[in-house]
Amino acid sequence: MHDSLGYTCGTCGARHEEPPLSYRTHAPAYWSEEVAAANGSELTPDLCVIQGEHFFVQGTVDIPLRDADGAFSWGVWVSLSAANFGRTVELWESPGRESEPPYFGWLSTELPVYGRSTLELKTHVHTQPVGRKPLVEVEPTDHPLAVAQRTRDDHGGRPPHRGTAAAPGDTPHGRVKGAPRRPGG
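Keep in mind that this is a model prediction, so the values were computed, not measured.

**Q** Just checking my understanding: could you explain the overall build of the protein chain for this structure?
**A** Each helix and strand counted, the protein chain has 3 helices and 12 strands in total. Taken across its 185 residues, the protein chain has 41% of its residues classed as buried. The long-range share in the protein chain, meaning contacts at least 24 apart out of those at least 6 apart in sequence, stands at 54%. About 10000 Å² of surface is accessible on the protein chain, with carbon and sulfur atoms providing 52% of the total.

**Q** What is the right way to read empty space enclosed by the protein from this model?
**A** Unoccupied space between atoms shows up once a probe the size of one water molecule is rolled over them. Evaluation of the coordinates by the stated rule reveals 1 cavity of 30 Å³ or more. Roughly 40 Å³ of internal volume is contained in the largest cavity. Thr 88, Leu 91, Trp 92, Arg 97, Tyr 103, Thr 127 and Pro 134 together form the lining of the largest cavity. Along the lines of polarity and charge, the residues of the lining of the largest cavity split into 4 nonpolar, 2 polar and 1 charged.

**Q** So what exactly am I meant to see when it comes to unusual backbone geometry here?
**A** For Gln 51, which is not glycine, the phi torsion reads 55° and is therefore positive. Looking at the secondary structure, you find Gln 51 in the loop between β5 (47–50) and β6 (54–64). Judged by relative accessible area, which is 17%, Gln 51 ranks as buried.

**Q** Whenever I open this one, the pairing of strand β10 (residues 135–138) confuses me. Can you help?
**A** When a strand is regular, its side chains alternate between the sheet's two faces. Only one face of β10 is covered, namely the face carrying Val 136 and Val 138; the face carrying Leu 135 and Glu 137 is uncovered. Of the pairings in the sheet, the one linking strand β9 (residues 122–126) to β10 comprises 4 bridges and is antiparallel in character. Bridge pairing in β10 places Val 125 opposite Val 136.

**Q** Is there a simple way to think about the pairing of β6 in this case?
**A** Of all 11 residues that make up β6, 9 are buried, and the element is covered over most of its length. Linking β5 to β6, which pair antiparallel, is a turn of 3 residues; within it Gln 51 sits at a positive phi near 55°. Hairpin geometry of β6 and strand β7 (residues 71–80) is characterised by an intervening segment of 6 residues between the two adjacent antiparallel strands and by a positive phi of about 105° at Gly 70.

**Q** Is there a simple way to explain the packing of aromatic side chains in this structure?
**A** Aromatic rings considered in pairs are described by the distance between their centres and by the relative angle of their planes. The tally for this structure, following the rule as stated, stands at 6 aromatic pairs. With a centroid separation of 5.7 Å and 80° between ring planes, the pair formed by Tyr 23 and Trp 74 is classed as edge-to-face. In this pair, Tyr 23 sits in strand β3 (residues 22–24) while Trp 74 sits in strand β7, placing the two residues 51 residues apart along the sequence. Taking relative accessible area as the criterion, Tyr 23 reaches 24% and is therefore assigned partly exposed.

**Q** So what exactly am I meant to see when it comes to the nonpolar core here?
**A** The nonpolar side chains of soluble globular proteins are, as a tendency, buried together. Core analysis: the largest hydrophobic core is formed by 25 residues, its most contacted members being Val 61, Ile 63, Trp 74, Val 76, Tyr 114 and Leu 145. The set of elements that each furnish at least two residues to this core consists of β5, β6, β7, β8 (103–107), β10 and α3 (144–151). When residues in this core are grouped by element, the largest group, 5 residues, is from β7. Listed in part, the 10 residues of the second largest apolar core include Ala 29, Tyr 30, Trp 31 and Trp 77.

The rules we used
- The numbering scheme is per chain: residues are counted from 1 as the chain's sequence reads.
- Side-chain atom pairs in this predicted model are given and counted only at pLDDT of 80 or more, local residue features only at pLDDT of at least 70, and totals for whole chains, interfaces and linings cover all residues.
- Side-chain metrics in this entry use all non-hydrogen atoms of the structure; hydrogen atoms and water are not considered.
- The helix count covers DSSP runs of H or I at least four residues long, the strand count covers runs of E at least two residues long, and both are numbered beginning at the N terminus.
- Accessibility here uses a 1.4 Å probe with only protein chains present; expressed as a share of the type maximum, an area under 20% marks a residue as buried, one over 50% as exposed, and anything in between as partly exposed.
- The contact rule is simple, with two residues in contact once any of their heavy atoms fall within 4.5 Å.
- What sets the accessible areas is the Shrake-Rupley method with a 1.4 Å probe; for residues, cover comes only from the shown protein chains.
- Cavities and pockets were defined on a 1 Å grid built from protein atoms only: a cavity is a group of points that admits a 1.4 Å probe but offers it no way out, a pocket is an open group of points flanked by protein on both sides within 12 Å along at least five of seven lines, and a lining residue is one with an atom within 4 Å of any such point.
- Grid points are joined across faces, edges and corners, and a volume is the space filled by probe spheres set on the points.
- When residues are grouped by polarity, Ala, Val, Leu, Ile, Met, Phe, Trp, Tyr, Cys and Pro land in nonpolar, Asp, Glu, Lys and Arg in charged, and all others, Gly among them, in polar.
- Here the rule is simple: two strands pair whenever DSSP picks up at least two bridges between them.
- Pairing of aromatic rings covers Phe, Tyr and the six-membered ring of Trp, with a centre-to-centre limit of 6.5 Å; geometry is then stacked below 30 degrees between planes, edge-to-face above 60, and tilted otherwise.
- Side-chain atoms within 4.5 Å link the members of a nonpolar core, which is a set of buried Ala, Val, Leu, Ile, Met, Phe, Trp, Tyr and Cys residues.

As far as function goes, none of this settles anything; it's purely spatial.
This is the structure in structure tokens:
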């Protein structure tokens, strides 16, 4: 056990002594072992399809740091319509893809440090140059995540101390068979 705020990087495997400035989730909240085994389901580090009906892209919600330049980056999953997902895949390796207009999406990652569920917040997904994950802009509301993205009120830019909370199986696009349910749901 280390006494510093450091971390072991999930990408390079090395120990870094400074506090982490990003946190990524492996899959959308609606992903489960049962969903993984279903026909039409696929998960890559960047894209996810559930049962051939629900489409997700991993992007980044950047939260400006309070006392320094830069941002803390949440690696999140956002659901897209079938048409916007198809366009995302079509342009995946295309130079100039960042000129695409933003796509509407529903946040599909639970970030428990904000005190309220972050699932199904409205977002705009801004395509970035080839090799960079999309930038996710949370629709301006009074939700603590949306406020943090706009105002540097970021809970210190710390990743959660616990794992991701159990997620509902309902998405704005319908029920995902086999997805975890809300407790008591």
